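Survey of secondary and tertiary structure
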Amino acid sequence: MSKEATVLFDIPGPRARTRNAVLTAVVSIVFAAVLAALVWRLSDKGQFEEKLWTPFLKWTVWRHLLLPGLMNTLKAAVVATVLALLFGIVFGLARLSDHWWVRVPAGAVVEFFRGIPLLILIFLAFFVPNKISPAIAESQFGTLQRFSVDYFFSIFGVEINAGTVTVPAFAAVVFGLTMYNGSVLAEVVRAGVLSIPKGQSEAAYSIGLRKNGVMRLVLLPQAITVMMPAIVSQIVVLLKDTALGFIIAYGEFLQAGFKQVPANYSNNVLQAGIVVAVIYIAINMSLSRVATWLEGRSRRSRKTEAKTMGSGGPAPVAGVGVTQQTV
Amino acid sequence: MFDFSPFFDNFDEILQGFWATLRLAAAAAVLSLIIGTFLASFRVSPVPVLRAFGTGYVNVVRNTPLTLVLLMCSLGLNDILALKFSENSSTTYYWWAVLGLSAYTGAFVCETLRSGINTVPLGQAEAARSIGLTFTQSLRMIILPQAFRAIIAPLGSVFIAMIKNTTVAAAASYAEVALVTKTIIDKPTFANGVIPLFLGVSVGFLILTLPTGYFFGWLAKRMAVAR
């Protein structure tokens, strides 16, 4: 039932047209009244003063606060996207393994990280290493800890000083986003591979390919086309979730626009919120547009018969695409 | 490091945090279901203004970070515009958290419900019209009941996401479990035992989310429309 809007009611005749016109008028009046009440309240609280709005017209505000914040948001989003995709592919394929000792632990990891809130994961990365690292430094794992921080985690800005590991907010946000979105993407990968018709893998086995070849040469290339819209929708979710960095004072876009600007320009919280929201919406809607476009393209494509898994597009398909939207 | 006594010393606080989370999640579940149903009906209605409102609302709210939505409620509407629910600040922050979370989740419920409406066969709507039901009647008696039965499982996922999203209310001054966790860690007396604390909080969330998922899965199977 794809054209529900035209099937649920008739093409309006004279009476229906009058009724629709009346309803339109009533609804418009109600909206106008709500809007007027809001405007009245705003002006009552002096929210239309010029000094509250003009900061967003100044180049210095953009140059020193908003643009660096936006850069930090995009930086965290890009790093986390890359890592989450890696995590998702590894664990998604591990869940499809033939060996139970690979399948079961991978499933447990994915379910765990999907089941607990992202904010708790970010807190975990931000607070825990700091507290437990002195004890580890004393124990037999001290050298291991020092080496792993020096040669690996330092690329995310993690530092070790006299046995105490400090995790910067950036690394904590990236950790949380990677683990959470990675496990969601693992499910997307699994569902994508499982959605390929069985005949494909049977044919591949019958020409003598092994499991590795079947997966790499036949199933994954088709699954990637199927998964693309769902992956892009998940990137929108990830980008929105970077805003959680606000809570642990990571200097991302929300922190810069919603905390720093009001702090410096006479507490213009509402105005800052509106400007920040508009920019987030613009970025996310263009990403969603990409998802819709990808979905339409793969639907038109003759190379693959596989159906896409839905996206943030206009008419979501029941199932995977819609269900993963979070924060 | 795995000494659980600091965890149990703060057990009361953690339980109170989970109770606050539960109260928030339960109220937001009911309210977001109502908001989502109305939005979905708007989006398929014959009145163009309502359709435009539904589409605009969903696009705006779905693309705004929840942190910003909740902060705008607590800092913007509550503190600056002084739209308060009660003199008691914790009550008023609770209701703003409920409203913000429901307004946000409602958009996702709406999209899920719309995908459910898409699963109802064309003939059902045509039959409803042919026996002379009006738009509201056919939506209420024919389309929505079938759509709801089709979306139980995805709706469960939306609610699970919402339960996890309650932690974001920590940013909006509502003392749920994430904020409690942070307060406990910041205590000077709380030297070690962060690992048991995080294990406890994680298990608490798994207790909330996993059975919800199984329940909705079971319900979806039971209520499935045979076609």
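Residues numbered from 1 in each chain as written. Chains lettered and ligands numbered in written order. Predicted model: local features only at pLDDT ≥ 70, side-chain atom pairs only at ≥ 80, totals over all residues. Heavy atoms only, no water.

The following threshold applies: UniProt positions are given in the numbering used here, feature names are shortened, and annotations may be inferred rather than shown by experiment.
An unreviewed UniProt entry lists chain B under the name Glutamate transport system permease protein, from Actinomadura luteofluorescens. Quoted verbatim from the Subcellular location (unreviewed entry) field of the UniProt record, the comment on chain B reads "Cell membrane".

Taking an unreviewed UniProt entry as the reference, chain A is identified by name as Glutamate transport system permease protein belonging to Actinomadura luteofluorescens. If you open the UniProt record of chain A and go to Subcellular location (unreviewed entry), you find "Cell membrane".

1. Remarks on the nonpolar core
Test applied: Only buried residues count toward a nonpolar core, which is a set of Ala, Val, Leu, Ile, Met, Phe, Trp, Tyr and Cys residues joined through side-chain atoms within 4.5 Å. Note on classification: 1.4 Å probe, protein chains only; a residue is buried when its accessible area is under 20% of the maximum for its type, exposed when over 50%, partly exposed between these limits. In this analysis, two residues are considered to be in contact whenever any of their non-hydrogen atoms come within 4.5 Å of each other.
Counting residues in hydrophobic clusters, the biggest one holds 129 residues, and the most contacted among them are A:Leu8, A:Phe123, A:Leu254, A:Phe258, B:Leu24, B:Leu197 and B:Phe205. What A:Leu254 contacts, discounting residues up to four positions off in sequence, is A:Ala243, A:Phe246, A:Lys259, A:Val276, A:Tyr280, B:Thr67, B:Leu68 and B:Leu71. Counting 18 residues, the second largest nonpolar core, distinct from the first, contains A:Ala204, A:Val214, A:Val218 and A:Val226.

2. Considerations on the confidence of the model for chain A
All names here are of chain A. We apply this condition: Confidence per residue, as judged by the predictor, is encoded in pLDDT with a range of 0 to 100. Helix and strand assignments follow DSSP, with helices taken as H or I runs no shorter than four residues and strands as E runs no shorter than two, numbered in order from the N terminus.
Across chain A, the average pLDDT comes to 84, with 90% of residues at or above 70. Ranking the elements of chain A by mean pLDDT puts helix α13 (residues 320–323) last with 36 and helix α8 (residues 169–194) first with 93. Taken as a whole, residues 1–5 scores under 50 in pLDDT and shows 12 contacts with residues more than four places along the chain or in a different chain. Low pLDDT, under 50, characterises residues 311–327; the predicted model gives this stretch 58 contacts beyond four residues in sequence or across chains.

3. Some details on the packing of helix α12 (residues 269–300) of chain A against helix α4 (residues 66–80) of chain B
How we decide: Structural elements are reduced to axes, namely lines fitted to C-alpha atoms, with helices fitted over the stretch in contact, and the angle between N-to-C directions of any two is expressed from 0 to 180 degrees. Angle categories are assigned with fixed cut-offs, so that under 35 degrees is roughly parallel, over 145 is roughly antiparallel, 65 to 115 is roughly perpendicular, and the rest are oblique. For a crossing to be left-handed, the near helix must be turned anticlockwise from the far one by less than a right angle; the clockwise case is right-handed.
Running from N to C, α12(A) and α4(B) cross one another at 155 degrees; their axes reach a closest spacing of 9 Å. On the basis of their axis angle, the class for α12(A) and α4(B) is roughly antiparallel. You can see that α12(A) and α4(B) cross each other, and the crossing is left-handed. Along the contact surface, α12(A) presents A:Val269, A:Leu270, A:Gly273, A:Ile274, A:Val276 and A:Ala277, while α4(B) presents B:Leu68, B:Met72, B:Leu75, B:Gly76 and B:Ile80.

4. Here's the deal with the UniProt feature "transmembrane region" (unreviewed entry) in chain B
All names here are of chain B. In the numbering adopted here, UniProt assigns the feature "transmembrane region" (unreviewed entry) to residues 20–42, 63–81, 93–110, 150–175 and 195–220. Between the end C-alpha atoms of residues 93–110 there is a gap of 25 Å, over a span that is 100% helix and 0% strand. Strand forms 0% of residues 195–220 and helix 100%; the C-alpha atoms that close the span are 37 Å apart.

5. Re the interface of chain B and chain A
What counts is decided by this rule: Put simply, buried area is how much 1.4 Å-probe accessible surface two parts lose in total, over both of them, once they are put together. For this analysis, a salt bridge means a side-chain nitrogen from Lys or Arg found within 4 Å of a carboxyl oxygen belonging to Asp or Glu. Polar contacts, as counted here, are pairs of nitrogen or oxygen atoms within 3.5 Å of one another; within protein the pair requires one atom able to donate a hydrogen and one able to accept it, and residues that are adjacent in sequence qualify only if both atoms are side-chain atoms. Side-chain classes are defined by residue name, with Ala, Val, Leu, Ile, Met, Phe, Trp, Tyr, Cys and Pro counting as nonpolar, Asp, Glu, Lys and Arg as charged, and the others, Gly among them, as polar.
Listed by partner, the interface residues are 68 residues for chain B and 70 residues for chain A. Taken together, the two surfaces of chain B and chain A that pack against each other cover about 6,100 Å², and 74% of this comes from carbon and sulfur. On the surface where chain B and chain A come into contact, there are 0 salt bridges. Applying the counting criterion to the chain B and chain A interface returns 9 residue pairs in polar contact (both at pLDDT 80 or more). Where the side of chain B that touches chain A is concerned, the elements lending two or more residues are α3 (48–62), α4, α5 (89–119), α6 (122–130), α7 (135–150), α8 (152–165), α9 (177–186) and α10 (194–223) of chain B. The leading source of residues in the side of chain B that touches chain A is α10(B), at 9 residues. The residue makeup of the side of chain B that touches chain A, split by class, is 44 nonpolar, 15 polar and 9 charged.

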